[in-house]
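Observations on chain architecture
Below, each chain spelled out in residue letters.
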Amino acid sequence: MISYLLRDVRPYGEGAVDVRLAEGRIVEIGRALTEGDARVYDGEGAVLLPGLVDLHTHLREPGREDAETVESGTLAAALGGFTAVHAMANTDPVADTAGVVEQVWRLGRESAHCDVAPVGAVTVGLGGEHLAELGAMADSAARVRVFSDDGRCVSDAGLMRRALEYVKAFDGVIAQHAQEPRLTVGSQMNEGVNSSLLGLTGWPAVAEEAVIARDCLLAAHVDSRLHVCHVSTAGSVELLRWAKAKGWDVTAEVTPHHLLLTDDLATTYDPVFKVNPPLRTSADVDALRAGLADGTIDCVATDHAPHALEDKEAEWGAALPGMTGLETALGVVALTMVAPGRLTWRQVSERMSSVPARIGRLENGPQPQGRPLAVGEPANLCLVDDTLSWAVDPAASASRSRNTPFAGRRLPARVVATFLRGRPTVLDGKPASS
C-alpha cells in the first residue's frame, strides 16, 4: 500500500504539523517529517479532521437507481468529507431482512467510496404493523445496529416499546422519524403564518414533539436506546433537554438544511424546498443551532434524499419531499456554527464524526470510524480548506440527483481531500484516481 505524508495540516484547526499515513493508519505526527518513500500531499494549512460519519443517508439502491446508487451516493459522500454513511432502509425491496441488508453491505464493499453501514427497518415493509427481522439483521454480515422506518413513524406505542426492548439484546438503537400521522394528514409544509397565506395544509410542530415525548418515556421505561431523526422544532429541543437531564439514553440529530433554511422559502412554490419534516421558522432555526452548540442535539446528519427529476420537478403538492446534502453538509455547518463562533472545528469533528460513529456503534467495529487523530488510529481523514468559499453547482454534483436547496449559494470551507484507511478517495477536491 502506498504511504502518504500530509504536509502542513492543522488537526482540529489547531497547530500545523505533518502526518504520515501507512498501512491504513496514522503512524507519525510531528514537524518537518522526512519524506522517505511516501507520496507528499501539501495541505497548505488545511484543517485536518477525522473522516465524517453520516447517520442518515438515502442511497436508494436497490430499487431506485435512477435517483442514486451506492457508488454515486458514496462518491458524493467522499467529496463531502465522509468516510462512512448509514444507508436508510426505505429501498425497494425494503431492507427488513438479513438478505437485503447484506445486499446493501456487499454493494458497499464492492463499489463504494466510503464505508456503508446498512440501517434495518423496524417493521416489515415499513408497514408499522409487525416487527421486522431485527435479530437476524443484527447477526448478519452487515452487523446492523441502527433500525429505522425513516420516512414513516413507528406510531404504534406498543410496537415501538417492543422494538426498543428487542434491540437491547445486541446493543441496537431505534432511530425514530417523529411524526404523528393523524396530525399530518395531507400536510405540505410547516403549519404557521406562511401555510395560512399560501393555503397549504400545515405540518404542526406538535406532531413531532408528541412522538418525541412519548418515545423518550418509552425508552426510559424499558431502559433502551432511542435516537431521534432530523429534529426540526424548538419544542423538540426542549423535550430532548428534559430527557437528557433525566439521564435517559436518548440521542438526536439535526440536518444542515434545518440549521439554515426557513419556511419562508416555501413562498416560492419551488419544490426543491419541500422536505419532511418541513422547513420551520427562524425561531426554530435559532433553537436548533443553540441545541447543537450545547450538546442537546448530539450530531449533524444529512438526510441526503436524492430524487429523480420527474419526482421533484413537479407542482408543490405532487413533488416528493427531500433534499440532497452530502457534498454541502460541512459547508453549511461551517456557515451556521463555525463562522459565528458557536462550534470549534474540534467540536464539529465530535458532532459529525465521533458521536455519530458511537451512536451507530462503528467506533469499535471491524472497520472503526470516528476515531481521534492520533498515532495508531485508522487513517480515515478529511482535509478542509477553511479559507476557501465556493458556490454550490448542482450540475457538478457526484449524486445522480440535483435536488439541492443550496444551488448558487456560497458556502465557506471546502473539502480538498478525503482518505479512507490511508487511501485517498478525494484529492484536490476531485475524485482520486488511485
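Refer to the structure presented above.
Predicted, not measured: the structure shown is a model, and the values here were computed from it. (Residues numbered from 1 in each chain as written. Predicted model: local features only at pLDDT ≥ 70, side-chain atom pairs only at ≥ 80, totals over all residues. Heavy atoms only, no water.)

Another point: the packing of helix α7 (residues 234-245) against helix α9 (residues 282-294). In the contact formed by α7 and α9, the axes pass within 8 Å of each other and the chain directions differ by 25 degrees. Here α9 runs roughly parallel to α7, going by the angle between their axes. Judged by residue contacts, A234, V237 and R241 of α7 engage D284, A287, L288, G291 and D294 from α9. Split by residue class, the contact of α7 with α9 holds four nonpolar, one polar and three charged. (Axes fitted to C-alpha atoms, helices over the stretch in contact; angles between N-to-C directions. Helix = DSSP H or I, 4+ residues; strand = E, 2+ residues; numbered from the N terminus. Parallel < 35°, antiparallel > 145°, perpendicular 65-115°, else oblique. Contact = heavy atoms within 4.5 Å. Nonpolar A, V, L, I, M, F, W, Y, C, P; charged D, E, K, R; others polar.)

If you walk across this open sheet you meet the three strands as β6-β7-β8, and the pairing is parallel. The sheet terminates laterally at β6 (52-57) and β8 (115-118), the two strands that pair on one side only. Going from strand to strand, the sheet's axes swing by 20 degrees on average, the running direction of each strand aside. Two elements, strand β7 (residues 82-87) and β8, share four bridges in a ladder whose sense is parallel. Across the sheet, A87 pairs through a bridge with P118, a residue of β8. This element, helix α2 (residues 98-111), spans β7 and β8 of the sheet and lies at about 175 degrees to β8. (Pairing = 2+ DSSP bridges.)

All chains considered together, the criterion is met by 20 salt bridges. The partner of E165 in a salt bridge is R161, and the shortest N-O contact between them spans 3.1 Å. One end of the pair, E165, and the other, R161, are both in helix α4 (residues 157-167), four residues apart, so they sit about a helical turn from each other. Accessibility expressed as a relative area gives 35% for R161, which makes it partly exposed. D215 is paired through a salt bridge with R214; the nearest N and O atoms lie 2.8 Å apart. A residue is classified by how much of its surface remains accessible, and D215, at 1% relative accessible area, is buried. The network of salt bridges with common partners includes R7, D18 and E35. (Salt bridge = Lys/Arg side-chain N within 4 Å of Asp/Glu carboxyl O. Buried < 20%, exposed > 50% of the residue type's maximum accessible area, 1.4 Å probe, protein only.)

By the element assignment, R241 lies in helix α7. On the basis of relative accessible area, R241 is assigned to the partly exposed category, the value being 29%. Expressed as a C-alpha distance, the spacing of R241 and L265, which sit 24 residues apart in the sequence, is 29 Å. Excluding residues that lie within four positions of it along the chain, R241 makes contacts with G291, D294 and T296. Within the structure, R241 has its side chain in polar contact with the side chain of E238 (distance 2.5 Å). (Polar contact = N/O pair within 3.5 Å; in protein donor to acceptor, adjacent residues only side chain to side chain.)

Strand order across the open sheet formed by five strands is β9-β10-β13-β14-β15, with parallel pairing between neighbours. The strands lining the two open edges of the sheet, one partner per strand, are β9 (146-147) and β15 (299-300). Pairing of strand β10 (residues 173-176) with strand β13 (residues 226-228) involves three bridges; the strand directions are parallel. Each bridged residue has a counterpart across the sheet, and for A175 the counterpart in β13 is H227. Docked against the sheet, α4 engages β9, β10 and β13, running at close to 145 degrees with respect to β10.

If you walk through the whole model with that rule in mind, you get four aromatic pairs. The interplanar angle of 80 degrees and the centroid separation of 5.0 Å between the aromatic rings of W242 and W248 together place this pair among those described as edge-to-face. You can call W242 partly exposed: its relative accessible area is 33%. Within the aromatic cluster, the residues linked to one another by ring pairs are F147, Y166 and F170. Between the NZ or CZ atom of R346 and the centre of the ring of Y12, over which it lies, the distance is 4.0 Å. Lying across the ring of W390, R414 places its NZ or CZ 4.1 Å from the centre. (Phe/Tyr/Trp six-rings, centres within 6.5 Å; stacked < 30°, edge-to-face > 60°. Lys NZ or Arg CZ within 6 Å of the ring centre and 35° of its normal.)

Below, the discussion takes up the packing of helix α1 (residues 70-79) against α2. In a packed pair of helices, the relevant descriptors are the angle between the two axes and the axis-to-axis distance. Packing of α1 against α2 brings their axes to within 10 Å, and their N-to-C directions diverge by 65 degrees. For the pair α1 and α2, the sense of crossing is right-handed. Along its contact with α1, which presents V70, E71 and T74, the element α2 presents L107, G108 and S111. Here the contact of α1 with α2 is built from residues that sort into two nonpolar, three polar and one charged. (Left-handed = near helix turned anticlockwise from the far one by under 90°.)

Turning to the nonpolar core, a few remarks are in order. Judged by nonpolar contacts, the single largest core of 93 residues is most densely connected at L6, L21, F147, W345, M352, L381 and V384. Beyond its immediate sequence surroundings of up to four residues, F147 is in contact with V119, G120, A121, V122, L134, M137, A138, V167, F170, V173, I174 and A175. If you look at the next biggest cluster of nonpolar residues, it comprises 17 residues, including L200, V272, L279 and V332. (Core = buried A, V, L, I, M, F, W, Y, C linked by side-chain atoms within 4.5 Å.)

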